[in-house]
There are 2 protein chains.
Amino acid sequence: MPLHALAPLRIGMLGLGTVGMGTYTVLQRNAEVIEARTGRRMEIAMVAVRNLARAASLVDDDVELVDDPFLVVNHPGIDVVVEVIGGTTIARDLVLQAIANGKHVVTANKALLAVHGTEIFAAAQAQGVVVAYEGAVAVSIPIIKALREGLTANHIEWIAGIINGTTNYILSEMKDKGVSFADALADAQAKGYAEADPAFDVEGVDAAHKLTLLASNAFGVPIQFDKVHVEGITQLDAADVAFAERLGYRVKLLGIARRNPQGLELRVHPTLVAAEHLLAQVHGSMNAVMVKSDAAGVTMYYGAGAGSEQTASAVIADLVDLARSSSLVQRHRVPSLAFQHHAIVELPVAAIDDVETAYYLRLDVASLSRTLPKILGHLAQADVRVQQLEVLEHPDDAQLNAVVVLTDFTQLRVLRGAIAGLEALPTVMGFVRSIRMERLV
Amino acid sequence: MPLHALAPLRIGMLGLGTVGMGTYTVLQRNAEVIEARTGRRMEIAMVAVRNLARAASLVDDDVELVDDPFLVVNHPGIDVVVEVIGGTTIARDLVLQAIANGKHVVTANKALLAVHGTEIFAAAQAQGVVVAYEGAVAVSIPIIKALREGLTANHIEWIAGIINGTTNYILSEMKDKGVSFADALADAQAKGYAEADPAFDVEGVDAAHKLTLLASNAFGVPIQFDKVHVEGITQLDAADVAFAERLGYRVKLLGIARRNPQGLELRVHPTLVAAEHLLAQVHGSMNAVMVKSDAAGVTMYYGAGAGSEQTASAVIADLVDLARSSSLVQRHRVPSLAFQHHAIVELPVAAIDDVETAYYLRLDVASLSRTLPKILGHLAQADVRVQQLEVLEHPDDAQLNAVVVLTDFTQLRVLRGAIAGLEALPTVMGFVRSIRMERLV
């Protein structure tokens, strides 16, 4: 039986807000590559929304829209419920009802799980269904998977994470611009990085929700949000952020879970970390989680901590896991090379001559003032654009200058021609050194 | 049926070198936590070694030692073969034989898979067994899992990785100490970061092996090591490393796989990256892989790129995946909170007063010369040790100084007492500000 003959995974979604629309959009746009990886089609069959007319303008006609979310969780044709409705009251009832009906659940709702997780996971265990929640912590980063599957060999010693993008953005602004917490918050709100009611974020509650889930996965302890010590960043003085910087430190809001000889520490608070530490390099609204464990040592996981499609990436990964693990035609759920065996296709691999990168060039030059115009002329003629040019003292020979050129993106074949011309200049000594340069953003 | 009643996963290991001993050691030391996560015991039943006497001194009596590795791959009682024998000739024969016998295989042998992967994965697909290889790329980092499972929703745009620790160590030394490639290599060899024959590492071949595997997982293309453009770091001039630094860049050996409009780029070469870029912050023998994808955006995965237990961490994670996925008593292989439901236990969570961290303290002080001795006396009396003390200009009040103190690790209850004493000093104005400080190494 070919794998694509499997019935599609039928998804019922609760809510069509930021995360719901992101999930719908990415499932549509990337349907082909997702099916190539999964061996099964994903189908959003039903969506529960408040405003049916608005929703009808957003999704295709083949999606059934309902305004009662219980119709979704009770529908016998739905395999998986994606809960992106938010909150902890109706969401709890819906998730428990879905589980009771034998449906898997995917959610990105950290508040729900941090508060009602014990009840929800016990119900799922009893029913033999999955409640997946990769999107609940540091959305785009597969950190739940790393802890739950990647680091299973290890005793975890501690976790320290920047797991709230709003506060990290505010702290980055306070450091970079020397502004107060209040001003940085107002700026974050204006730019959409902070909610109109920012209390959940800036008081550290959102980070504590996520830390609760990380700690249970790391240490095998129950979910215990109420035991987390929580301090936000509202009391932080811009002067202290600046003083810390002067001393070589940066202030970050960290969620820390640590085993100590007596048991566990669970705490969210502003923390000085050395400026050269990797966590100090996590800027703006980005997230990162560092894990120290006995065999693997320190590992770190970095990515966006918020966003529509960034969260959708995690929600869909959970759906793919479900589709793969419930497949009966394979003994193993994950293909060797990520894609289904039959879906692996050749793509032409570029000859290196055709590849474009930026370049660093270094020329050892005599008679600088005479040679420099010729270098620039040659590069222009060869169609290699100059981004930056610096003349430096040559470390080995006082008679020479080192001319360093940073170029625009250029094919290697073009660069080779330019270099040959430069090396033919009588006042360019020896070879022209070249190293590729990448921006990687 | 309680989960621990499942028969143990019976492991046959080929080789007992660095990775083999690491795997054995971690499986022994962490047996309890691994079983709590897996719901099944791991048992190294057989090990094939060259030197039986030496091996007998290293492992427990209940491990059967043989000097013919084919006895392991042909043994009917073995569920999984762990190939840590290395090389691409006998290792290939053994892995194919194990697959033919219906056994799963776990390997960390990137050369084997980069060269013979197509044949090996096809055989595994035909037999319905798993060939797992998380340890083959950036050992401690679950990057294969991230690509294969975490980012399944995404079109991957590019991958850029520091995936060879030896060359990253050498480049870090060249930058930090201004030494030549040859001197940095000799130093790396003396310290055990480079092999006696370093060609595989410094010529970029090892990185190209790993890039081959990353690219297939990212793009769904066949394994094609022979199409990777490979440049090592042997031709790199220390002067260029220094010049690049002067211009705000750092030189890293990157493995890059990128989709472009024509197809694919596969290349390993020295690369300038901006000094403030995260990949520029990856020092010494550490590894990191950055992935750009359409929904998740940029994510990065960081950790040790070599080491006995670091590789074992990945090998065992693969074994746990196998044990979980071959379990018949659960519809889902991965427990909600990483640990088997029955294995979740309470640990006492420390009251925040008992938690020890270092602290940043800031005191606004009048009459500095009179007050400073009193501050130090108070801290000493309260048993708060001072690591660093700086006197800074107060930003708001020229009459005052800001005295910033970085303390040793101190319990909050102790610090509170000290702060109360300090605030009682008449020349300490207002509150003493305190922020926690962590080293996180």
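Computed from a prediction, not measured in an experiment: that's the story for all the values here.

Concerning the overall build of chain A
On a plain count of helices and strands, chain A comes out with 15 helices and 17 strands. When its C-alpha atoms are laid out on the principal axes, chain A stretches across 85 × 60 × 50 Å. Expressed as a percentage of its 441 residues, the buried residues of chain A come to 56%. Within chain A, contacts between residues separated by at least 24 positions form 71% of all contacts whose residues are at least 6 apart in sequence.

With respect to the environment of Gln 235 of chain A
Residues and elements named next belong to chain A. Counting through the fold element by element, Gln 235 comes out in the loop between strand E8 (229-230) and helix H12 (238-246). On the basis of neighbour count, Gln 235 is assigned to the exposed category, with 12 C-beta atoms found within 10 Å. Between the alpha carbons of Gln 235 and Ala 366 there is a distance of 60 Å; along the sequence they are 131 residues apart.

Comments concerning the pairing of strand E1 (residues 9-14) of chain A
Residue and element names in this part refer to chain A. Across the six residues of E1, five count as buried, placing the element largely inside the fold. One ladder, built from six bridges, connects E1 with strand E2 (residues 42-48); its direction is parallel. Bridge pairing links Ile 11 to Ile 44 in E2. With four bridges connecting them, E1 and strand E4 (residues 80-83) associate as parallel partners. Residue pairing in the sheet places Leu 14 in a bridge with Glu 83 of E4.

Topic: the interface of chain A and chain B
With 117 residues of chain A at the contact, the number on the chain B side is 116 residues. For the side of chain A that touches chain B, the element with the highest residue contribution is strand E10 (residues 263-274) of chain A, accounting for ten residues. Split into classes, the residues belonging to the side of chain A that touches chain B amount to 66 nonpolar, 31 polar and 20 charged.

A short note on the packing of helix H8 (residues 165-177) of chain B against helix H9 (residues 181-190) of chain B
All names here are of chain B. Relative to each other, H8 and H9 sit at 125°, their axes nearing to 9 Å. The angle between the axes of H8 and H9 places the two elements in the oblique class. In the crossing of H8 with H9, the sense of the turn from one axis to the other is right-handed. Side by side, H8 and H9 meet where Thr 166, Tyr 169, Ile 170, Glu 173 and Met 174 of the first sit next to Phe 181, Ala 184, Leu 185, Asp 187 and Ala 188 of the second.

Considerations on the relation of the copies chain A and chain B
The operation relating chain A to chain B is a screw motion whose rotation component is 180°, with 0.0 Å of axial translation and a residual RMSD of 0.0 Å. Viewed as a symmetry operation, the transformation between the two copies matches a two-fold axis. When C-alpha distances to the rotation axis are compared across chain A, the minimum falls at Tyr 301 of chain A, with a value of 2.4 Å. An overlap of 99% is found between the interface residues of chain A and their copies at the interface of chain B, pointing to a shared contact surface.

Let's talk about the sheet that holds strand E1 (residues 9-14) of chain B
Adjacent strands of a sheet pair through backbone hydrogen bonds, lying either parallel or antiparallel. All names here are of chain B. Strands sit in the order E3-E2-E1-E4-E5-E6 across an open sheet of six strands; the sheet is parallel. Single-partner strands in this sheet number two, and they are strand E3 (64-66) and strand E6 (131-132). The sheet contact formed by strand E4 (residues 80-83) and strand E5 (residues 104-107) spans four bridges and is parallel. Note that in E5 the partner of Val 80 across the bridge is His 104. Running over the sheet, helix H1 (residues 18-29) touches E1, strand E2 (42-48) and E4 and is turned about 155° from E2.

Some remarks on the domain arrangement of chain A
All names here are of chain A. Each domain of chain A was delimited in the assignment, giving domain 1 (3-139 + 309-343), domain 2 (143-304) and domain 3 (352-437). The C-alpha centroid of domain 2 is placed 28 Å from the C-alpha centroid of domain 1. In this complex, domain 1 contributes 14 residues to the contact, which on the side of domain 2 involves 17 residues. A total of seven residues in the side of domain 1 that touches domain 2 trace back to one element, the largest contributor, which is helix H6 (residues 110-127). Within the side of domain 1 that touches domain 2, the residues separate by chemical class into nine nonpolar, three polar and two charged.

So, how was this worked out
Residues numbered from 1 in each chain as written. Chains lettered and ligands numbered in written order. Predicted model: local features only at pLDDT ≥ 70, side-chain atom pairs only at ≥ 80, totals over all residues. Helix = DSSP H or I, 4+ residues; strand = E, 2+ residues; numbered from the N terminus. Buried ≥ 20, exposed ≤ 12 C-beta atoms within 10 Å, placed from the backbone. Contact = placed C-beta atoms within 7 Å. Pairing = 2+ DSSP bridges. Nonpolar A, V, L, I, M, F, W, Y, C, P; charged D, E, K, R; others polar. Axes fitted to C-alpha atoms, helices over the stretch in contact; angles between N-to-C directions. Parallel < 35°, antiparallel > 145°, perpendicular 65-115°, else oblique. Left-handed = near helix turned anticlockwise from the far one by under 90°. Least-squares fit on C-alpha atoms with pLDDT ≥ 70 in both. Domains from an automatic or database assignment.

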